[in-house]
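Descriptive structure summary
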Amino acid sequence: MTTKANSHYVEDVYEVVRSIPKGRISTYGAIADFLALGSARMVGWALRQSSVMDGPIPAHRVVNRLGHLSGRLHFPDPKYMQRALEKEGVKVKNDTVVDFDKHFWHPAENIL
DNA sequence: CCTATGACGCCGG
DNA sequence: GCCGGCGCCATAG
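What counts, and where the lines are drawn
Residues numbered from 1 in each chain as written. Chains lettered and ligands numbered in written order. Predicted model: local features only at pLDDT ≥ 70, side-chain atom pairs only at ≥ 80, totals over all residues. Heavy atoms only, no water. Helix = DSSP H or I, 4+ residues; strand = E, 2+ residues; numbered from the N terminus. Buried < 20%, exposed > 50% of the residue type's maximum accessible area, 1.4 Å probe, protein only. Areas by Shrake-Rupley, 256 points an atom, 1.4 Å probe, with all protein chains shown as cover. Arc of directions from axis to C-beta. Contact = heavy atoms within 4.5 Å. 1 Å grid on protein atoms, 1.4 Å probe; cavity = no way out; pocket = protein on both sides within 12 Å on 5 of 7 lines; lining within 4 Å. Points joined across faces, edges and corners; volume = space filled by probe spheres on them. Nonpolar A, V, L, I, M, F, W, Y, C, P; charged D, E, K, R; others polar.

As annotated in an unreviewed UniProt entry, chain A carries the name MGMT family protein and comes from Candidatus Opimibacter skivensis.

Regarding its fold elements, chain A presents six helices and four strands. In chain A, the succession of α and β elements from N to C terminus is α-β-α-α-β-α-β-β-α-α. Taken across its 112 residues, chain A has 39% of its residues classed as buried. Of the accessible surface of chain A, which amounts to about 7200 Å², a share of 51% is contributed by carbon and sulfur atoms.

Our next topic: helix 4 (residues 80-87). Buried within helix 4 are the following residues: Met81, Gln82, Ala84 and Leu85. All buried residues of helix 4 project into a common sector of 165° when viewed along the axis, lining one side. Summarising the geometry of helix 4, the exposed residues directed more than 90 degrees from the buried face are Arg83 and Lys87. On its buried side, helix 4 packs onto strand 2 (62-63), strand 3 (92-93) and strand 4 (96-97).

Take the environment of Val17 next. Positionally, Val17 belongs in helix 1 (residues 8-18). Between the C-alpha atom of Val17 and that of Leu35, which follows or precedes it by 18 residues, the distance is 12 Å. In this structure Val17 touches Ile31, Leu47, Ile57, Pro58, Ala59 and Val62, once residues within four positions along its chain are discounted.

Right, let's get into the environment of Leu85. Here Leu85 is to be found in helix 4. Sequence separation between Leu85 and Pro107 is 22 residues, and the spatial gap between their C-alpha atoms is 18 Å. Residues contacting Leu85, with those up to four places away along its chain left out, are Ile25, His60, Arg61, Leu69, Val90, Val92 and Val97.

Further remarks concern the layout of surface pockets. The method is simple in principle: a probe with the dimensions of a water molecule rolls over the atoms, and the space it marks as empty is what remains. Taken as a whole, the second largest pocket holds about 190 Å³ of empty space. Forming the boundary of the second largest pocket are 12 residues, of which Tyr28, Gly44, Leu47, Gly71 and His74 lie nearest the centre. Ranked by residues supplied to the lining of the second largest pocket, first place goes to helix 3 (residues 40-52) with four residues. A breakdown of the residues in the lining of the second largest pocket according to their chemical character gives six nonpolar, five polar and one charged.

Below, the structure written as structure tokens:
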């Protein structure tokens, strides 16, 4: 493994993202804060790598703090993310999640 | 080795 | 309330 580095946290990110219940969404900041990464950028970076993976990573459930589909362009299709969310009951308008606060899910809830 | 950039977010003016 | 800058860690050039 040439890429040992600290890519370990990526594993945790995937775990958290996979823990997001269907119909719910989370944010980069919440995940970063929960994992104490210190930077929401790391979450985005990790998820970008996940796009390459064929694993069941529901990355479409992760949006920025504004509820905006900032990563929609990284999916196979620009509308893939919106479609996936609407398919799960999450309304999306103008590349933005409707009732963002309502569907928001915090990793800590998994413990609760 | 150093600089620039990124699926972000907070703080200050 | 809007605009600009800084931090944060990793990768690419």
